Amino acid sequence: QVQLVESGGGLVQAGGSLRLSCAASGRTFGRPELGWFRQAPGKEREFVATINWSGDSVDYVDSVEGRFTISRDNAKNTVYLQMSNLKLDDTAVYYCAVGRLPSFVWRWGQGTQVTVSS
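Report follows, based on the coordinates. (Residues numbered from 1 in each chain as written. Predicted model: local features only at pLDDT ≥ 70, side-chain atom pairs only at ≥ 80, totals over all residues. Heavy atoms only, no water.)

Overview of the overall build of the protein chain
- Of regular secondary structure, the protein chain possesses zero helices and eleven strands.
- On C-alpha atoms alone, the protein chain measures out to a radius of gyration of 13 Å, which is about the 13 Å that the 2.2 N^0.38 rule sets for 118 residues.
- Dimensions of the protein chain, computed from C-alpha atoms along their principal axes, come out at roughly 45 × 25 × 25 Å.
- The buried share of the protein chain, taken over its 118 residues, is 42%. (Helix = DSSP H or I, 4+ residues; strand = E, 2+ residues; numbered from the N terminus. Rg over C-alpha atoms; globule rule 2.2 N^0.38 Å. Buried < 20%, exposed > 50% of the residue type's maximum accessible area, 1.4 Å probe, protein only.)

The structure is reproduced here in structure tokens:
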């Protein structure tokens, strides 16, 4: 049993920055990946970024490569998504997830809205 709670979403101007946090509680089995997905209106949920347990392996969708940075702090049971140079197309509900990512999600967070304005 693991619960994920996202925070840090909000309204930001294009070109600005925002940091999302996801705090995990409860038990995890093995050393699962943590990651972020997003879903824009009218679109399917898509993979954004993932990070392994040790933090030495990360993966990003091409559209955020070089702009977003995923990190985790196992001592705090938290995964972060630092977003910079935000674009209008980044507007979405962002969900954190735990599992064997990106293919197998064990648990989703509740989502946090990120809105990028011009």
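Having put the structure on the table, let's press on.
Thoughts on the nonpolar core
- Trp36, Phe68, Leu81, Met83 and Tyr94 are the most contacted members of the largest nonpolar core, which has 26 residues in total.
- Residue contributions to this core peak at four residues, all from strand E9 (residues 92–100).
- Residue contacts for Leu81: discarding those within four places in its chain leaves Leu18, Arg19, Leu20, Trp36, Val48, Ala49, Phe68, Thr69, Ile70 and Tyr94. (Core = buried A, V, L, I, M, F, W, Y, C linked by side-chain atoms within 4.5 Å. Contact = heavy atoms within 4.5 Å.)

A word on the sheet that holds strand E8 (residues 78–83)
- The four strands are arranged E1-E3-E8-E7 in an open sheet whose pairing can be described as antiparallel. Because the sheet does not close on itself, it has two edges, and the strands there are strand E1 (2–7) and strand E7 (68–73). Within this sheet the neighbouring strands show an average axis-to-axis angle of 15°, counted without direction.
- As paired strands, E1 and strand E3 (residues 18–26) are joined by six bridges and run antiparallel to one another. Bridge pairing in E3 places Val5 opposite Ala23. (Pairing = 2+ DSSP bridges. Axes fitted to C-alpha atoms, helices over the stretch in contact; angles between N-to-C directions.)

With respect to the side chain of Arg72
- Position of Arg72 among the secondary structure elements: in strand E7.
- Buried charged residue Arg72 carries no salt bridge. Nearest counter-charge: Glu33, at 6.6 Å.
- Here Pro32 takes part through its backbone oxygen, which lies 3.2 Å from a polar atom of the side chain of Arg72.
- A polar side-chain atom of Arg72 sits 3.0 Å from the main-chain carbonyl oxygen of Asn52. (Lys, Arg positive; Asp, Glu negative; His and termini not counted. Salt bridge = Lys/Arg side-chain N within 4 Å of Asp/Glu carboxyl O. Polar contact = N/O pair within 3.5 Å; in protein donor to acceptor, adjacent residues only side chain to side chain.)

Overview of the pattern of salt bridges
- Inspection of the entire model under this criterion finds four salt bridges.
- The closest approach of N and O atoms between Glu33 and Arg100, which form a salt bridge, is 4.0 Å. With Glu33 in strand E4 (residues 33–39) and Arg100 in strand E9, this residue pair connects regions lying 67 residues apart in the sequence.
- Classification of Glu33 as buried rests on a relative accessible area of 17%.
- On the basis of relative accessible area, Arg100 is assigned to the partly exposed category, the value being 36%.
- For Glu46, the salt bridge identified is with Arg38, shortest N-O distance 2.7 Å.

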